[in-house]
Structure formats: C-alpha cells, structure tokens
Amino acid sequence: MDEYMSEHEQWQLLKRWLRANGPWIVGGVLVGVAALSGWRWWQAPLEQRALDASQRYETIVETLRRGDRARAFTLIEDLRSEHPSSPYVDQADLLAARAHVEANELDKAAERLRDVMQRTDDRQLALVARMRLARVQLAQDKPDDALATLNAVNPGAFAARYHEVRGDIYVAKGDREAALKEYRAARDAATDAVVDTELLDLKINDLLAEGANASAPPATAAN
C-alpha cells in the first residue's frame with residue numbers, strides 16, 4: 001500500500017507540474033515547429049537556385065565539349081546574370097579561359113583569369129587562376145610579368161606547382177641555374193597528386209645534362 005501511495009503521489013506531482021508548465025512546453029514545441037518550417041521555407045529557394053546554377057554549368061561544360069564556343073560563352077554570361085554570386089560563375093570562366101587558350105586568344109584568356117583571380121572568395125581557386133594566368137603570360141612572351149604574378153602571393157598548398165611554373169619561366173629566360181633551383185624546390189615539395197614528378201625529374205635531368213655539356217672541354221681534332 002505504501003508503494004502504491006508513493007507512485008500515486010509521484011503521479012499527482014507530475015500532473016501538477018504539467019498543469020503549471022504544459023503551456024510553456026506546448027508553446028516551445030510550436031515555436032520550434034514554426035522555426036523549422038520558416039527555415040525550410042527560406043532554404044528551399046536557395047537550394048533551387050543552387051541546383052539551377054549547377055545545371056547551367058553542366059550545360060556549359062557539355063556545350064564546350066561539343067565545340068560550340070559562341071553558345072557556351074552566351075550561356076556563361078546568362079549564368080553570370082542570373083547567379084552573379086554563384087561559384088559556378090568562376091568555374092565557368094576558368095573553362096572559358098581554357099577555350100581561349102586553345103584558340104590562341106591569349107589576351108582574352110588572361111582577362112578571364114585575372115577576373116576570377118580578383119573576384120572569387122575561394123582562395124584555392126584564386127591561386128589556380130593566378131598560376132594559369134602566369135602560364136598565359138609566359139605564352140605571351142611576358143616572362144617577367146609571369147614571375148610577378150606568381151611572386152605576389154604565398155601559394156600555400158600549391159607551392160610545388162608554383163615552383164614548377166617558375167622553373168618553366170626561367171627556362172624561357174635562359175636562366176638554367178634559377179630554373180634548376182625551382183624544379184628541385186618543386187620536387188622537394190611535390191606529391192604525385194600535386195605535380196607530375198616524372199616530368200619534373202625529366203626537366204631536372206635535362207638541365208643537368210645541358211650544364212654538363214656546357215662545361216665539357218671542346219673536342220680537339222685528331223692529327
């Protein structure tokens with residue numbers, strides 16, 4: 001009987017607590033449900049816009065793959081107009097820059113890459129755009145501009161790739177020692193996922209062979 005009364009008392013206590021606090025509990029649940037519904041209502045259009053930007057980007061990729069550059073460039077501008085803050089705009093401009101390079105439209109490629117480099121909020125993407133811009137400047141026979149482009153920032157995780165591009169620039173300038181130093185720095189910082197280590201080794205060995213040939217005494221004619 002005592003045990004029963006103890007449970008009864010507990011139940012009475014719980015009922016009194018629910019009468020006192022029930023409205024607050026119900027109110028809290030309703031507020032939570034309303035907040036969740038409001039979040040979903042606010043989030044749904046954002047998700048739809050992100051999906052639309054993604055689909056537009058995929059269309060641009062496919063259009064460029066088919067070789068229809070004019071249509072692809074139009075679609076890029078449409079994407080820029082409809083989704084100006086989407087990261088897909090930056091990605092699309094990188095694709096356009098590549099198309100310009102393939103068509104030897106180096107000035108247009110440099111303009112696209114410079115825009116991405118200065119506009120994007122993605123530091124990694126900005127570093128990629130900067131490195132590609134340096135390669136375009138090298139192709140434009142502007143090695144000093146290319147070096148200035150690379151040297152303006154700390155490349156972070158892209159250090160190996162930046163060293164390799166600098167090495168290519170110094171080769172173009174005819175500075176074998178500086179090129180060899182950059183290639184070795186790239187090799188030291190490299191992983192297979194970042195740069196082509198076999199290609200780096202080939203570049204290093206070619207420069208070493210050139211140095212050996214340059215320092216070898218000239219052959220004398222036999223009597």
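Everything discussed here concerns the structure shown above.
Fair warning: this is a prediction, and the values are worked out from it, not measured in the lab. (Residues numbered from 1 in each chain as written. Predicted model: local features only at pLDDT ≥ 70, side-chain atom pairs only at ≥ 80, totals over all residues. Heavy atoms only, no water.)

**Considering the nonpolar core**
Just so we agree on the cut-off: The criterion is simple. A nonpolar core is a set of buried Ala, Val, Leu, Ile, Met, Phe, Trp, Tyr and Cys residues joined through side-chain atoms within 4.5 Å. Relative accessibility decides the category of a residue: with a 1.4 Å probe and only protein chains considered, values under 20% of the type maximum give buried, values over 50% give exposed, and everything between is partly exposed. Only DSSP runs of H or I reaching four residues or more are called helices, and only runs of E reaching two or more are called strands; each is numbered from the N terminus. Any two residues having at least one pair of non-hydrogen atoms within 4.5 Å are treated as being in contact.
Formed by 23 residues in total, the largest nonpolar core has its most connected members in Leu150, Tyr162, Val165, Ile169, Tyr183 and Leu200. Elements supplying a minimum of two residues to this core: helix H5 (123-139), helix H6 (143-151), helix H7 (159-173), helix H8 (176-189) and helix H9 (197-215). Discounting chain neighbours no more than four positions away, the residues touching Val165 are Met131, Ala134, Arg135 and Leu150. Within the second largest apolar cluster, 15 residues are counted, among which are Ile60, Ile76, Val89 and Ala96.

**Observations regarding the layout of surface pockets**
Using the following cut-off: Lining residues are defined by having an atom within 4 Å of a point belonging to a cavity or pocket. Those points lie on a 1 Å grid over the protein atoms alone, cavities being sets where a 1.4 Å probe fits but cannot get out and pockets being open sets with protein on both sides within 12 Å along at least five of seven lines. Grid points are joined across faces, edges and corners, and a volume is the space filled by probe spheres set on the points. The residue classification treats Ala, Val, Leu, Ile, Met, Phe, Trp, Tyr, Cys and Pro as nonpolar and Asp, Glu, Lys and Arg as charged. All others, Gly included, are polar.
Of the volumes computed, that of the largest pocket is approximately 330 Å³. Around the largest pocket, the lining is made up of 16 residues, and of these Val101, Met131, Arg132, Arg135 and Val136 lie nearest the centre. Among the elements of the structure, helix H3 (87-102), helix H4 (106-119), H5 and H7 are those that each provide at least two residues to the lining of the largest pocket. A per-element tally of the lining of the largest pocket places H5 first, with 5 residues. Split by residue class, the lining of the largest pocket holds 11 nonpolar, no polar and 5 charged. Counted as a void, the second largest pocket has a volume near 160 Å³. Forming the boundary of the second largest pocket are Val61, Leu64, Arg65, Arg69, Leu95, Arg98, Ala99 and Glu102. At the level of elements, helix H1 (2-65) and H3 are the ones that each hand at least two residues to the lining of the second largest pocket. No other element matches H3, which puts 4 residues into the lining of the second largest pocket.

**Digging into the packing of H4 against H5**
Applicable threshold: Axis definition: a line fitted to C-alpha atoms, over the contacting stretch in the case of helices. Angles run 0 to 180 degrees between N-to-C directions. Roughly parallel here means an angle under 35 degrees, roughly antiparallel means over 145, roughly perpendicular means 65 to 115, and every remaining angle is called oblique. Each helix crossing is assigned a hand: it is left-handed if the near helix lies turned anticlockwise from the far helix by less than a right angle, otherwise right-handed if that turn is clockwise.
Orientation of H4 relative to H5, taken along the N-to-C sense of each, is 155 degrees, at an axis distance of 8 Å. Between H4 and H5, the crossing angle belongs to the class labelled roughly antiparallel. Here the hand of the crossing between H4 and H5 comes out left-handed. On the side of H4, the interface is formed by Leu106, Ala109, Ala110, Leu113, Arg114, Val116 and Met117, while H5 contributes Leu125, Ala126, Ala129, Arg130, Arg132, Leu133, Val136, Gln137 and Ala139.

**Comments concerning H8**
Convention followed: To estimate the expected span of a helix, subtract one from its residue number and multiply by 1.5 Å.
Compared with an ideal rise of 1.5 Å per residue, which puts 14 residues at 20 Å, H8 spans 20 Å between its outermost C-alpha atoms and is within 8% of the ideal. Of all the residues in H8, the buried ones are Ala178, Ala179, Leu180, Glu182, Tyr183 and Ala186.

**Focus: the packing of H5 against H6**
It is at 7 Å that the axes of H5 and H6 come closest, and there the two elements cross at 170 degrees. When the interaxial angle is binned, H5 and H6 end up roughly antiparallel. Along its contact with H5, which presents Arg130, Met131, Leu133, Ala134, Gln137 and Leu138, the element H6 presents Pro143, Asp145, Ala146, Thr149 and Leu150. Across the contact of H5 with H6, the residue classes break down as 7 nonpolar, 2 polar and 2 charged.

**Details of the pattern of salt bridges**
Put simply, the rule is: We count a salt bridge whenever a side-chain nitrogen from Lys or Arg sits within 4 Å of a carboxyl oxygen from Asp or Glu.
This structure, assessed with the given rule, holds 15 salt bridges. One salt bridge connects Asp52 with Arg56, and the closest N-O pair in it is separated by 2.9 Å. Placement of both Asp52 and Arg56 in helix H1 is noted, with a separation of 4 residues, approximately one turn of the helix. Arg56 sits in the partly exposed class, given a relative accessible area of 29%. Of the charged contacts in the structure, one is a salt bridge between Lys203 and Glu164, with a shortest N-O distance of 3.0 Å. Here the residue Lys203 occupies a position in helix H9, and Glu164 occupies one in helix H7, the gap between them amounting to 39 residues. For Glu164, a relative accessible area of 8% gives the class buried.

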